[in-house]
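Descriptive analysis of the structure
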Amino acid sequence: MTVFQKEFKVDTKEGQVSYIDITNSIHQTITESNIQSGICTVITAHTTCSIFFEEDTHDKDENGVDYLQLDLNTILEKIIPPHLSADSYHYPGEKHYQEVESWPNPEEWLPNGDRSALWNGDAHLKATIIGSSETLAVVNGKLAIGKTGYVYFADFDKTRERTRKYRVVIIGE
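Let me begin by describing the structure that accompanies this report. Sequence order as written defines residue numbering, which begins from 1 separately in each chain. Note on the predicted model: pLDDT of at least 70 is required for a residue's local features to be given, and 80 or more for side-chain atom pairs to be given and counted; whole-chain, interface and lining totals, by contrast, use all residues. Note that the side-chain values use all heavy atoms of the structure and ignore hydrogens as well as water.

Right, let's get into the sheet that holds strand β2 (residues 18-21). Hydrogen bonds along the backbone pair up the strands of a sheet, which may run parallel or antiparallel. Strands are labelled as partners when DSSP assigns at least two bridges between them. For helices the rule is a DSSP run of H or I covering at least 4 residues; for strands it is a run of E covering at least 2, with both sets numbered from the N terminus onward. Read from one edge to the other, the open sheet built from three strands follows the order β2-β7-β4, with strand pairing classed as antiparallel. This sheet does not close on itself; its edge strands, each paired only once, are β2 and β4 (49-55). Across the sheet, the mean angle from the axis of one strand to that of its neighbour is 30 degrees, orientation sign disregarded. Bridge count for β4 against strand β7 (residues 149-155) is seven bridges, and the pairing is antiparallel. Bridge assignment links F53 to a residue of β7, and that residue is V151. Residues are treated as being in contact if the distance between any of their heavy atoms lies within 4.5 Å. In this description, a line fitted to the C-alpha atoms serves as the axis of each element, helices being fitted only across the stretch in contact, and the angle between N-to-C directions of two axes falls anywhere from 0 to 180 degrees. Contacts from helix α2 (residues 67-79) reach β2, β4 and β7, with the element oriented near 130 degrees to β4.

So, in structure tokens, the structure goes:
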């Protein structure tokens, strides 16, 4: 049995949920692995990000967001409203603010000491619901998905743009 893994970086946007089609990087990684039969797991370690498997509808809004992703945003916002104030959610509490402020580089999380940069409780909850990984089959050296299947990376944290990571792990023979 062989294990092959590769890490990728993606850039996300401020002010909107970022959806990134990562299907091609997965296909390329499977080819590079030379694994013919097994499983492919795609994982993000970020707590406001998700990996999910869905169709590309080929229709997009003026910002380039796929219609199914727009619908997902609408449904998730009905369940989990935006984090607009310190009173929107219990998170983050005073101890969390103090912890972040004690880190070696708090400016990375609290630009100019602005505590509202941590008002992303909604993003954490949305990522929890969608999940941080997908596992798919590898058959005959290819990702075993249908013609309309795509794998997406989503960052639900709209507080600032960032560079995020995901890892493709292929296990098999």
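Of the strand pairs in this sheet, strand β3 (residues 37-43) and strand β5 (residues 133-139) are connected by seven bridges, and their pairing is antiparallel. When the sheet's bridge partners are listed, I43 is paired in β5 with S133. Summarising the sheet, β3 and strand β8 (residues 163-172) pair through six bridges and their orientation is antiparallel. In the strand pairing of β8, T41 is matched with V169.

So, on to the pattern of salt bridges. Every case where a carboxyl oxygen of Asp or Glu lies within 4 Å of a side-chain nitrogen of Lys or Arg is listed as a salt bridge. Within this structure, the stated rule accounts for 11 salt bridges. With its nearest N and O atoms 3.9 Å apart, the salt bridge here joins K60 to D66. The buried label goes to any residue with under 20% of its type's maximum accessible area, the exposed label to any with over 50%, and the partly exposed label to all in between, with areas taken from a 1.4 Å probe on protein chains only. For K60, a relative accessible area of 42% translates into the label partly exposed. Linking K126 and E77 is a salt bridge whose minimum nitrogen-to-oxygen distance equals 3.9 Å. With K126 in helix α4 (residues 121-130) and E77 in helix α2, this residue pair connects regions lying 49 residues apart in the sequence. By relative accessible area, which is 3% here, K126 ends up buried. For E77, a relative accessible area of 31% corresponds to the partly exposed category. Linked by salt bridges that have partners in common, E77, D122, K126 and K158 make up one network.

The analysis is restricted to geometry; functional conclusions fall outside its scope.
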